[in-house]
Amino acid sequence: MDAVVTYSPFVLSGIRITVALSLLSLSVAVILGLLGAWAKLSGSRAARRIAGLYTTLIRGVPDLVLMLLLYFGGQMALNKLGAITGLWRHIELDAFTAGVLAIGFIFGSYMTETFRGAALAIPRGQVEAGLASGMSRFTLFHRIIWPQLVRHALPSFTNIWLTLMKTTALVSVIGLEDLVYNGYAAGKATRMPFTFMFVVLLTYLIMTAISDLGLRWLDRRYSAHVRAERQA
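Q: With reference to specific residues and values, describe the overall build of the chain.
A: The secondary structure content of the chain amounts to 10 helices and 0 strands. What you see in the chain, going N to C, is helices and strands ordered as α-α-α-α-α-α-α-α-α-α. Along the longest, intermediate and shortest principal axes, the C-alpha atoms of the chain span 70 × 55 × 25 Å. Sorting the 232 residues of the chain into buried and exposed places 39% on the buried side. Long-range pairs, those at least 24 residues apart, make up 77% of the contacts in the chain between residues at least 6 apart in sequence.

Next up, the structure:
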C-alpha cells in the first residue's frame, strides 16, 4: 500500500492526457461522422462511394495498426508532400496529435453509420412539412432534425464513446504518458505491475461509469416527449 500511495499521484496524472485525448478524438470522430453520413445520404454517387470506402477500410483494419501507420507513415507522407510542394520544410507529428487523429479517424467511420441510421429514422414527412410551412433550412435542422437525430443516435453514440475512451489506452505504445503508460511505468519501477494495472482498471471504470450516467441523463432529456406520448 505504501507504493500505491507514493505512486498514485504519478499514475493518476495520466488522467488529464486520457480525458483530453478522448474529448478531442470524439470531436474529430463526430465531425467525420456527420460528413460521412451526409456523403452516404447525398445524391452524389462519388460521395457515397468515398464514404463507403472509408467506413469499409477503417472498420476492417485493427486500431493499433492504423495508429502506428498514422504516427510513422503520416509524418513521412506530410514531410514528403512538403518537400514536393515547397509549402513547408519539416513537420514533427507528436504522439498526442497522432493519437487524436488516429482515434478520431477510426471512430469517425462508426459515427458515420450511427448518424446515417439516425437520419434515416426521422420521418421524411416531418421534413417535407417543415419545408412546406416555410421554415428555413437552419430552422428546420434546429427544431426538427437535430433533436430527433440526437435521440436516435444516442444509444449507439454512448457505446462508441465508451469504447473510444478505452481505446485511448493504445496511445501508450507510441510513448504518450497517459493513464496506462504511467500505470505500467509505476508497476515496472515497483515490480508490482498487477497492483498498478488494477488501479488503472478502477480509474477507467469510474470514468466510464460517470460518462454512462451523463449520457443516460441526456437520453432521458431528449426522449421525454416520446415517453409522454406513450403514457398519454
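Q: Account for the environment of Phe194, with residues named and values stated.
A: The topology assignment puts Phe194 in helix H9 (residues 193–222). Overall, Phe194 belongs to the exposed group, its relative accessible area being 66%. For the pair formed by Phe194 and Asp219, sequence separation is 25 residues and the distance between their alpha carbons is 37 Å.

Q: Describe helix H2 (residues 14–41), with residues and values.
A: Here H2 spans 40 Å end to end across 28 residues, near enough to the 40 Å set by a 1.5 Å rise per residue. Turning to H2, the residues buried within the fold contact helix H1 (2–12), helix H3 (45–59), helix H5 (95–121), helix H7 (137–167), helix H8 (179–190) and H9.

Q: So what's going on with the side chain of Ser211? Residues and values would help.
A: Counting through the fold element by element, Ser211 comes out in helix H9. When its relative accessible area of 14% is taken as the criterion, Ser211 is described as buried. Each residue touching Ser211, except ones within four places of it in the same chain, is listed here: Trp161, Leu162 and Met165.

Q: Can you explain the environment of Asp212? Please cite residues and give values.
A: Looking at the secondary structure, you find Asp212 in helix H9. Spatially, the C-alpha atom of Asp212 lies 31 Å from that of Ala3, the residues being 209 residues apart in sequence. Not counting chain neighbours up to four residues away, the residues in contact with Asp212 comprise Thr158 and Leu162. One polar contact links Asp212 to Arg216, side chain to side chain, over a distance of 2.8 Å.

Q: Pulling in residues and values, what's your account of the packing of aromatic side chains?
A: What characterises a pair of aromatic rings is the spacing of the ring centres plus the angle enclosed by the ring planes. Tallying each qualifying case throughout the model produces 3 aromatic pairs. Residues Tyr54 and Phe105 carry aromatic rings whose centres are separated by 5.1 Å and whose planes lie at 55 degrees to one another, so their mutual orientation is tilted. Here Tyr54, found in helix H3, pairs with Phe105, found in helix H5; they are 51 residues apart in sequence, far enough to count as distant. In this structure Tyr54 comes out as buried when scored by relative accessible area, which is 14%. When its relative accessible area of 33% is taken as the criterion, Phe105 is described as partly exposed.

Q: Summarise a nonpolar patch on the surface; cite the residues concerned and give the values.
A: On the surface, Phe194, Phe198, Leu201, Leu202 and Leu205 cluster together into a nonpolar patch covering about 520 Å² of accessible area. Topologically, Leu205 is positioned in helix H9.

Q: Describe the pattern of salt bridges, and please don't skip the residues or the numbers.
A: For the structure shown, the criterion picks out 4 salt bridges. A salt bridge links Lys40 to Glu113, with the nearest nitrogen and oxygen atoms 2.3 Å apart. One end of the pair, Lys40, is in helix H2; the other, Glu113, is in helix H5, with 73 residues separating them in the sequence. A salt bridge links Arg116 to Glu113, with the shortest nitrogen-to-oxygen separation between them at 3.0 Å. In this pair, Arg116 and Glu113 are both assigned in helix H5, 3 residues apart and thus about one turn of the helix distant. Assessed through its relative accessible area of 28%, Arg116 is described here as partly exposed.

Cut-offs applied
- Residues numbered from 1 in each chain as written.
- Predicted model: local features only at pLDDT ≥ 70, side-chain atom pairs only at ≥ 80, totals over all residues.
- Heavy atoms only, no water.
- Helix = DSSP H or I, 4+ residues; strand = E, 2+ residues; numbered from the N terminus.
- Buried < 20%, exposed > 50% of the residue type's maximum accessible area, 1.4 Å probe, protein only.
- Contact = heavy atoms within 4.5 Å.
- Expected span 1.5 Å × (residues − 1).
- Polar contact = N/O pair within 3.5 Å; in protein donor to acceptor, adjacent residues only side chain to side chain.
- Phe/Tyr/Trp six-rings, centres within 6.5 Å; stacked < 30°, edge-to-face > 60°.
- Patch = residues over 30% accessible without salt bridge, like charges linked within 9 Å, V, L, I, M, F, W, Y side chains within 5 Å.
- Areas by Shrake-Rupley, 256 points an atom, 1.4 Å probe, with all protein chains shown as cover.
- Salt bridge = Lys/Arg side-chain N within 4 Å of Asp/Glu carboxyl O.

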